[in-house]
Amino acid sequence: MAASIKTTDELAKMRVAGRLAADVLEMIGPYVQPGVTTSKLDEICHKFMVDEQQCIPAPLDYHGFPKSICTSVNQVVCHGIPTDKKALKQGDIINIDITVIKDGYHGDTSQMFCVGDVASHAKRLMEVAQECLYLGIDKVKPGATLGDIGFVIQQHAAENYYSVVREYCGHGIGAVFHEDPQVLHYGKAGKGLVLEEGMTFTIEPMLNAGKRHVKLNRRDGWTVETTDGRLSAQWEHTLAVTATGVDVLTVRSDESFNGY
Ligand code: MF3
Ligand code: CO
Ligand code: CO
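Residues numbered from 1 in each chain as written. Chains lettered and ligands numbered in written order. Predicted model: local features only at pLDDT ≥ 70, side-chain atom pairs only at ≥ 80, totals over all residues. Heavy atoms only, no water.

## Brief notes about the coordination of the cobalt ion (ligand 2)
Selection rule: Donor atoms are limited to N, O and S found within 2.8 Å of the metal ion, a distance that becomes 3.2 Å for Na, K and Ca. With water left out, some sites might look partial. Here a site with four donors is tetrahedral if all angles are between 85 and 135 degrees, and a site with four or six donors is square planar or octahedral if opposite donors are over 155 degrees apart and the other angles are between 65 and 115; anything else gets the irregular label. Strands are runs of DSSP state E lasting at least two residues, helices are runs of H or I lasting at least four, and both sets are numbered from the N terminus onward.
Around the cobalt ion (ligand 2), the protein contributes the donor atoms Asp108 (OD), His171 (NE2), Glu204 (OE) and Glu236 (OE), which lie 2.0 to 2.2 Å from the metal centre. Taken together, the 6 donor atoms coordinating the cobalt ion (ligand 2) and their angles of 51 to 160° define a geometry best described as irregular. Summarised as a motif, the one-chain spacing of the donors to the cobalt ion (ligand 2) is D-x62-H-x32-E-x31-E. The distance between the cobalt ion (ligand 2) and the cobalt ion (ligand 3) comes to 3.3 Å, and Asp108 binds to both of them. Residue Asp108 is located in strand β5 (residues 105-114), and its partner Glu236 is located in the loop between β13 (232-234) and β14 (237-241); the two are separated by 128 residues in the primary sequence.

## Observations regarding the environment of Lys188
Test applied: The contact criterion used is simple: two residues touch if any of their non-hydrogen atoms lie within 4.5 Å.
Summarising the element assignment, Lys188 is placed in the loop between β8 (179-183) and β9 (200-203). It is 9.3 Å that separates the C-alpha atoms of Lys188 and Thr145, two residues lying 43 residues apart in sequence. Sequence-distant contacts of Lys188, that is, excluding residues within four places in its chain, are made with Gly147, Asp148 and Phe151.

## Thoughts on the sheet that holds strand β3 (residues 76-78)
Stated formally: Strand pairing is assigned whenever DSSP identifies at least 2 bridges connecting the two strands. Note on definitions: angles span 0 to 180 degrees between N-to-C directions of axes, and those axes are lines fitted to C-alpha atoms, for helices only across the stretch in contact.
With respect to topology, 3 strands assemble into an open sheet ordered β3-β12-β11, the strand pairing being antiparallel. Among the strands making up the open sheet, the edge pair consists of β3 and β11 (214-216). The mean inter-strand angle of the sheet, taken between neighbouring strand axes irrespective of direction, is 40°. Of the pairings in the sheet, the one linking β11 to strand β12 (residues 224-226) comprises 3 bridges and is antiparallel in character. Looking across to β12, one finds that Lys215 is bridged to Glu225.

## What about the sheet that holds strand β10 (residues 206-208)?
Sheet architecture is open: 3 strands sit in the order β6-β10-β13, paired in antiparallel fashion. The open sheet has two edge strands, β6 (163-164) and β13, and neither has a second partner. Judged from the 2 bridges that link them, β6 and β10 form a sheet pairing that is antiparallel. When the bridges of β10 are listed, Val164 appears paired with Leu207. Strands in contact with helix α3 (residues 120-138) are β10 and β13; relative to β10, the strand with the most contacts, it is inclined by about 145°.

## Considering the coordination of the cobalt ion (ligand 3)
Only Asp97 (OD), Asp97 (OD), Asp108 (OD) and Glu236 (OE) from the protein coordinate the cobalt ion (ligand 3), and they sit 2.1 to 2.3 Å from it. Each of the 6 donor atoms bound to the cobalt ion (ligand 3) contributes to angles spanning 58 to 167°, and the resulting shape is irregular. Considered as a linear motif, the donors of the cobalt ion (ligand 3) on their single chain read D-x10-D-x127-E.

## Some thoughts on the site of ligand 1
Which entries qualify depends on this criterion: The criterion for a residue being near a molecule or strand is simple. One of its heavy atoms has to lie within 4 Å of it. We define a polar contact as two N or O atoms separated by no more than 3.5 Å, with the added condition that, inside protein, one atom must be a possible hydrogen donor and the other a possible acceptor, whereas residues neighbouring each other in sequence contribute only through side-chain atom pairs. The accessible surface values rely on the Shrake-Rupley method and a 1.4 Å probe; as for residues, cover is taken only from the protein chains in view. In the scheme used here, Gly and all other residues not listed as nonpolar or charged are polar, with Ala, Val, Leu, Ile, Met, Phe, Trp, Tyr, Cys and Pro taken as nonpolar and Asp, Glu, Lys and Arg as charged.
Close contacts around ligand 1 come from 14 residues, with Pro59, His171, His178, Glu204 and Glu236 the closest. The contact in question runs from an oxygen atom of ligand 1 to an N or O atom on the side chain of His171, over 3.1 Å. Between ligand 1 and Glu236, the relevant distance is 3.0 Å, taken from an oxygen atom to a side-chain nitrogen or oxygen of the residue. If ligand 1 stood free it would expose 330 Å²; the protein chains cover 97% of that surface. Of the residues belonging to the shell around ligand 1, the class tally is 6 nonpolar, 4 polar and 4 charged.

## Considering α3
Stated precisely, the cut-off is as follows: By this rule, a helix spans an expected 1.5 Å times one less than how many residues it contains. Three labels apply to residues, based on accessible area from a 1.4 Å probe with only protein chains included: buried if under 20% of the type maximum, exposed if over 50%, partly exposed otherwise in between.
Its 19 residues give α3 an end-to-end C-alpha distance of 26 Å, which sits within 8% of 27 Å, the value for a rise of 1.5 Å per residue. Of all the residues in α3, the buried ones are Ala122, Leu125, Met126, Val128, Ala129, Gln130, Cys132, Leu133, Gly136 and Ile137.

## Re the side chain of Thr71
Looking at the secondary structure, you find Thr71 in strand β2 (residues 70-73). Of the residues examined, Thr71 reaches a relative accessible area of 5% and is grouped as buried. Setting aside chain neighbours within four positions, we find Thr71 in contact with Thr38, Gly80, Ile81, Pro82, Ile94, Asn95 and Ile96.

## Brief notes about unusual backbone geometry
Here the amide bond leading from Asp180 into Pro181 is cis, since omega sits at 0°, within 30 degrees of zero. Despite not being glycine, His63 shows a phi value in the positive range, around 45°. Inspection of the secondary structure assignment puts His63 in the loop between β1 (56-57) and β2. In the Ramachandran plot, Tyr161 falls in the positive-phi region, its phi being about 65° despite a non-glycine side chain. As for its position among the elements, Tyr161 is in the loop between α4 (146-159) and β6.

## Here we look at the pattern of salt bridges
Condition: Each reported salt bridge corresponds to a side-chain nitrogen of Lys or Arg within 4 Å of a carboxyl oxygen of Asp or Glu.
Applying the stated criterion to the full structure yields 12 salt bridges. Residues Lys40 and Glu43 are paired through a salt bridge, measuring 3.5 Å at the closest nitrogen-oxygen approach. With Lys40 and Glu43 both in helix α2 (residues 38-52), this residue pair falls 3 residues apart, about one helical turn. Three or more residues joined by partner-sharing salt bridges are found here, namely Arg19, Asp23 and Glu26.

This is the structure in structure tokens:
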């Protein structure tokens, strides 16, 4: 499983794409309220990406995906399709996953949002999933391995009695949306691909409140849900390996990665 090393010029373009993807999440946050439909959120994001940012929403027509963003509500694990059939309601949790293409390069990032007041058990799942992402990011530097990342994510989830989805993973990213390597969210420390400066990939752990098993909705061919119907949460960043550590290309203003 190889991973391409990006040139300085490519990294500069990825930094721009990453910034734009993060900006879409920051823009859409205030619209995530009880009563809004996910297709409305899709429409607002689509307009913003195309008209304001002059970038391409990567999901649209990607292997036939029908919308510009993914919206995954409650028991939906990932790849939820925005719909006008159902409005968000108080107590829902939602992952919004944004991928933009700018100047030929991708930026891919997602975050969880609460719809109004949310039960503390759901907030806890969201928090631990975010901590898993951050612990994974903390491992990224030249000489570390993909197994180091998967291991800490799996460990932190298990310590909190949550399960990690295995069927979907992080991925190399650049001019191609999904390229090698696969970034598993479980694994053995010290095993797997050795990281090198100039690699770019995502980490995007999906944690389930119940069992790790998922099912693909056969009607739409996209929506992935927990088999047991319990909640799932996911957070994602696009990263570049630097000489000394990591550059979080999709960092938002509510985050800080001090020391990198
Ligand atoms: N953004 C997702 C990821 O993190 C992929 C979405 S593919 C789509 O890799 F077709 F569902 F949009
Ligand atoms: Co991704
Ligand atoms: Co994504």
